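Listed here are the chains, written in short residue letters.
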Amino acid sequence: MTLTCLIFRQVLLKLTRLQILNLHANQISELFEVDKLVSLNNLRNLTLHGNPMEQTKGYRSYVVEVIPQLKTLDYSLITKQDRSTAAVFKKFIKRKHVARRKYD
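Thresholds applied
- Residues numbered from 1 in each chain as written.
- Predicted model: local features only at pLDDT ≥ 70, side-chain atom pairs only at ≥ 80, totals over all residues.
- Heavy atoms only, no water.
- Pairing = 2+ DSSP bridges.
- Helix = DSSP H or I, 4+ residues; strand = E, 2+ residues; numbered from the N terminus.
- Salt bridge = Lys/Arg side-chain N within 4 Å of Asp/Glu carboxyl O.
- Buried < 20%, exposed > 50% of the residue type's maximum accessible area, 1.4 Å probe, protein only.
- pLDDT = per-residue confidence, 0-100.
- Contact = heavy atoms within 4.5 Å.

*Asks:* I'd like a rundown of the sheet that holds strand 3 (residues 72–73), residues and numbers included.
*Replies:* On the basis of which strands lie adjacent, the open sheet formed by 4 strands has the order 1-2-3-4 and mixed pairing. Each end of this open sheet is capped by a strand with a single partner; those strands are strand 1 (20–22) and strand 4 (76–77). In the sheet, strand 1 pairs with strand 2 (residues 45–47) via 3 bridges, with the strands oriented parallel. When the sheet's bridge partners are listed, Ile20 is paired in strand 2 with Asn45.

Rendered as structure tokens:
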């Protein structure tokens, strides 16, 4: 399942004051689907557990980096350590992306 469905685009992203979003167990498989939530600037609590993407290495770090205003993810508080790990993860992914472009 992807977050590109009509309902998501036409309804959910217009809820700019949305603070809590539970998307657990929705068969969301790709981490990049989280990028679509970036425009929800007031989002503080997000639940994605039970989706296949949860098994992806770096899942928590990716979500924390993409949506930095989150206070909780999957019912767990986001700690300073989570934020530090997310920052390192971002640098690693950026370097890996640059390296790929260099050798492609």
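*Asks:* I'd like to hear about the pattern of salt bridges, residue by residue, with values.
*Replies:* Within the structure shown, the criterion is met by 3 salt bridges. Here Glu33 and Lys36 are joined by a salt bridge, their closest N and O atoms 2.6 Å apart. Using a relative accessible area of 24% as the deciding quantity, one classes Lys36 as partly exposed. For the salt bridge of Arg60 with Asp82, the shortest nitrogen-to-oxygen distance reads 3.2 Å. Taken together, the positions of Arg60 in helix 2 (residues 59–66) and Asp82 in helix 3 (residues 80–103) put the pair 22 residues apart, joining distant regions of the chain.

*Asks:* Would you mind going over the confidence of the model for the chain in detail, with residue names and values included?
*Replies:* A low pLDDT score tells you not to read the predicted coordinates there in detail. Residues of the chain with pLDDT of at least 70 account for 81%, and the chain-wide mean is 84. pLDDT under 50 marks residues 97–104. Its contacts with residues more than four places away, or in other chains, come to 0 contacts.

*Asks:* Talk me through helix 2; I want residue IDs and the actual numbers.
*Replies:* Summarising burial for helix 2: 6 of the 8 residues are buried, a large majority. For helix 2, every residue scored as buried is listed here: Tyr59, Ser61, Tyr62, Val63, Val64 and Val66.

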